[in-house]
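Single-letter residue listing:
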Amino acid sequence: MNMMSRAEIGCQPRWDKATFQAQLLAKEEHYHIHHPFNVRMQEGVLTPEQIRGWVANRFYYQIRIPQKDAAILANCPDRETRRRWLLRILDHDGCDGNAGGIEAWTRLGEAVGIPRAELWSLRHVLPGVRFAVDGYVNFARQASWQEGVCSSLTEMFAPRIHKDRLASWPTNYPWIDPEGLHYFRSRISLAERDVEHGLQVTLAHFVTREQQERALGILQFKLDVLWSMMDAIERAYG
Ligand SMILES: O=C(O)c1cc(C(=O)O)c2c(n1)C(=O)C(=O)c1cc(C(=O)O)[nH]c1-2
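You'll find the protein entered in an unreviewed UniProt entry as Pyrroloquinoline-quinone synthase, with Pseudoduganella namucuonensis given as the organism. Checking UniProt for the protein, the heading Sequence similarities (unreviewed entry) contains the comment "Belongs to the PqqC family." The Pathway (unreviewed entry) field of the UniProt record for the protein holds the comment "Cofactor biosynthesis; pyrroloquinoline quinone biosynthesis."

Right under this line is the structure:
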């Protein structure tokens, strides 16, 4: 790996916005879509027990995301940004006429055979998953709001993973009620909207080369959160 010292990075010319964005996108190679457990899930070879393990553990990510977004909101002095960011919390928690993403994930849980109370008890959440997700929430609490925004940019890669599941699960896992897949469908347009805003903030805030490298490091941290969750799930159920 090409390791540069801080001083060396400081001397590098900044990337123009298109190049910086391309560098962020190039991080896709570290996305959990390529994790062996996800690859096997996509190939259709997981047992019901393994699918249930993944759904029960990912639930912990789902319920912590609104708290992560509330931390970013709490750190943000800009009213306009707060108005837009607030929607992310409502997407997951729900509001009038919209049951929200956490409820949709609960229905996914029921569709794969996890009763609601069992999912909500968090009794299947593994220590490694809890540790990784809490690390993400704590990062958002302690970082600047722009750094928190940057850490959400793994969502650039999420529409593809949702579309893959929608395309393959009905054939590969016919025992799962397709109604349960609504969560994945709902996230595609929301993720695209989130990414547009997240990129706008990130490209405007991280402008020197040193800052741009910092943004790449933040994105890598978040990729590692998702990868570590998969590692823990694979170890327990794989
Ligand atoms: O199913 C997935 O693989 C996946 C990944 C990610 C992601 O890349 O962080 C998110 C989601 N789903 C998701 O559903 C979601 O609501 C979400 C919010 C965020 C975030 O960081 O704010 N990431 C993700």
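Continuing now.
S.K.: Describe empty space enclosed by the protein, and please don't skip the residues or the numbers.
M.R.: Summed over the entire model, instances satisfying the criterion amount to two cavities of 30 Å³ or more. In this structure, the largest cavity spans a volume of roughly 290 Å³. The wall of the largest cavity is formed by 25 residues, among which Tyr61, Ile65, Glu155, Ala158 and Arg187 lie closest to the centre. When residues in the lining of the largest cavity are grouped by element, the largest group, six residues, is from helix α4 (residues 48-74). In terms of residue class, the lining of the largest cavity is made up of nine nonpolar, six polar and ten charged. Here the second largest cavity is characterised by a volume of approximately 30 Å³. If you list the elements that add at least two residues to the lining of the second largest cavity, you get α3 (36-43) and α10 (158-172). Within the lining of the second largest cavity, the residues separate by chemical class into two nonpolar, two polar and two charged.

S.K.: Before we move on, can you summarise helix α8 (residues 127-142) with the specific residues and values?
M.R.: Given a rise of 1.5 Å per residue, 16 residues ought to cover 22 Å, and the 22 Å separating the end C-alpha atoms of α8 matches this to within 8%. Buried within α8 are the following residues: Val129, Ala132, Val133, Asp134, Tyr136, Val137, Phe139 and Ala140. Here the buried face of α8 lies against α4, α9 (145-151) and α12 (209-237).

Procedures and definitions
- All residue numbers refer to position in the chain's written sequence, counted from 1.
- Local features are withheld for residues below a pLDDT of 70 in this predicted model, meaning they are given only at 70 or higher, and side-chain atom pairs are given and counted only at 80 or more; totals for whole chains, interfaces and linings count all residues.
- For the side-chain quantities, the full set of heavy atoms in the structure was used; hydrogens and water were omitted.
- UniProt positions are given in the numbering used here, feature names are shortened, and annotations may be inferred rather than shown by experiment.
- Put simply, the grid is 1 Å and covers the protein atoms alone, a cavity is a trapped set of points that fit a 1.4 Å probe, a pocket is an open set with protein on both sides within 12 Å along at least five of seven lines, and lining residues have an atom within 4 Å of a point.
- Grid points are joined across faces, edges and corners, and a volume is the space filled by probe spheres set on the points.
- Helix numbering and strand numbering both begin at the N terminus, where a helix is a DSSP run of H or I of at least 4 residues and a strand a DSSP run of E of at least 2.
- Note on residue categories: nonpolar means Ala, Val, Leu, Ile, Met, Phe, Trp, Tyr, Cys or Pro, charged means Asp, Glu, Lys or Arg, and polar means any other residue, Gly included.
- Between the first and last residue of a helix there are one fewer steps than residues, each counted as 1.5 Å, and that sum is the expected span.
- Only protein chains enter the accessibility calculation, which uses a 1.4 Å probe. A residue is then buried if its area is under 20% of the maximum for its type, exposed if over 50%, and partly exposed in between.
- Working rule for contacts: check all heavy atoms of both residues, and any pair within 4.5 Å makes them a contact.

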